[in-house]
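Understanding the architecture of this molecule
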Amino acid sequence: MEYTEDANKRIRLFELANSRVLETIFDADGAVIRTSILQSSDLKSALAEFLNSFPEKPNESEKNFEEVKLKKQCPHCGSDTLARSINIAKNQVPIVPIYECRGCGGKSYYLTADYLRYLVLSNKGLFEKQELCQLEANENEFLGELSEYIVRIFASKKIKRIN
């Protein structure tokens, strides 16, 4: 469903994954902003709860579902046929958005600075005390260093970064 949040276009997608509801929020370019597994296992109730959160009822025009596409080129072949690749293990949310090119089959990832910040701040319990001190002292430096580690991890798996 498309809507506006803080004057920015957003797309919110609810998907059933292993008997749970996966909620993903995208920006106008199709980049993942937030993703989480909801407590509800009912797709309709999750959507109804979201719609009820608006002061005014959003426009619910009948429109066929269109896959959310990332408006970027494949780093392998340059085509614009990137599709999200979701392989959700039981009760786990895909952390870094992975894409597969429908043209060449290459795998790649796209991680915005805003999404990385969201991941870190919403999962502080996964970090050691020393790391949290570094985060509080200089958030940008900490996130930059973390981003470099992520680049190295994916490079070792031969999964290219989407620019």
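Scroll up a little and you will see the structure.
First, a word on what this report is: a plain description of the structure on this page.

It is possible for side chains of opposite charge to pair when their charged atoms get near one another. A full pass over the atoms with the stated rule returns nine salt bridges. Salt-bridge contacts for Glu 2 lead to Lys 9; the nearest nitrogen and oxygen are separated by 3.9 Å. For Glu 2, a relative accessible area of 43% gives the class partly exposed. A salt bridge links Glu 23 to Arg 12, with the shortest nitrogen-to-oxygen separation between them at 2.6 Å. In this pair, Glu 23 sits in strand S3 (residues 20-26) while Arg 12 sits in strand S2 (residues 8-17), placing the two residues eleven residues apart along the sequence. As far as burial versus exposure is concerned, Glu 23 and Arg 12 are alike and both buried. Linked through salt bridges whose partners overlap, the residues forming this network are Glu 5, Arg 10 and Arg 34.

Strand pairing in a sheet relies on backbone hydrogen bonds. The paired strands run either parallel or antiparallel. Read from one edge of the open sheet, four strands run S5-S6-S7-S8, paired in mixed fashion. Both outer strands of the open sheet, strand S5 (82-84) and strand S8 (160-161), are each paired with one neighbouring strand and no more. In terms of strand pairing, S5 meets strand S6 (residues 98-101) through three bridges, oriented antiparallel. Looking across to S6, one finds that Leu 82 is bridged to Cys 101.

Sheet architecture is open: four strands sit in the order S1-S2-S3-S4, paired in antiparallel fashion. At either margin of the open sheet sits one strand with a lone partner, and together these are strand S1 (2-5) and strand S4 (32-37). With strand direction ignored, the average angle separating the axes of adjacent strands in the sheet is 30°. Of the pairings in the sheet, the one linking S1 to S2 comprises four bridges and is antiparallel in character.

Under the counting rule described, the total for this entry stands at three aromatic pairs. Ring centres of Tyr 109 and Phe 154 lie 4.3 Å apart, and the angle between their planes is 20°; on these two criteria the pair is classed as stacked. Within this pair, whereas Tyr 109 is found in strand S7 (residues 107-109), its partner Phe 154 is found in helix H4 (residues 139-156), the two being separated by 45 residues in sequence. Across the pair, exposure class does not vary: Tyr 109 and Phe 154 are buried alike. Taken together, a centroid distance of 5.7 Å and an interplanar angle of 70° make the contact between Phe 127 and Phe 142 edge-to-face. Of this pair, Phe 127 sits in the loop between helix H2 (113-122) and helix H3 (129-137) while Phe 142 sits in helix H4, and the two are 15 residues apart along the sequence.

Residues other than glycine seldom take positive phi values, yet Ala 7 does so here, at roughly 65°. Secondary-structure assignment places Ala 7 in the loop between S1 and S2. According to the relative accessible area criterion, Ala 7 is exposed, its value standing at 74%. Phi is positive for Lys 158, which is not a glycine, with a value near 60°. By secondary structure assignment, the location of Lys 158 is in the loop between H4 and S8.

The rules behind each value
- Just so you know, the residues in each chain are numbered from 1, in the order the chain's sequence is written.
- Whole-chain, interface and lining totals are the exception, using all residues; otherwise, since this is a predicted model, local features are given only for residues with pLDDT of at least 70 and side-chain atom pairs are given and counted only at 80 or more.
- Where side-chain values are given, they derive from all heavy atoms of the structure, hydrogens and water being excluded.
- In what follows, salt bridge is the name for a side-chain nitrogen of Lys or Arg lying within 4 Å of a carboxyl oxygen of Asp or Glu.
- Any residue under 20% of the maximum accessible area for its type is buried, any over 50% is exposed, and the rest in between are partly exposed; the area is computed with a 1.4 Å probe on protein chains only.
- In this description a helix means any DSSP run of H or I spanning at least four residues, a strand means any run of E spanning at least two, and both kinds are numbered starting from the N terminus.
- Paired strands are those between which DSSP finds at least two bridges.
- A fitted line through C-alpha atoms serves as each axis, taken over the contacting stretch for helices, and the angle formed by two N-to-C directions is quoted from 0 to 180°.
- Centres within 6.5 Å are what make two rings of Phe, Tyr or Trp a pair, Trp counting through its six-membered ring; a difference in plane orientation under 30 degrees is then read as stacked, over 60 as edge-to-face, and the rest as tilted.

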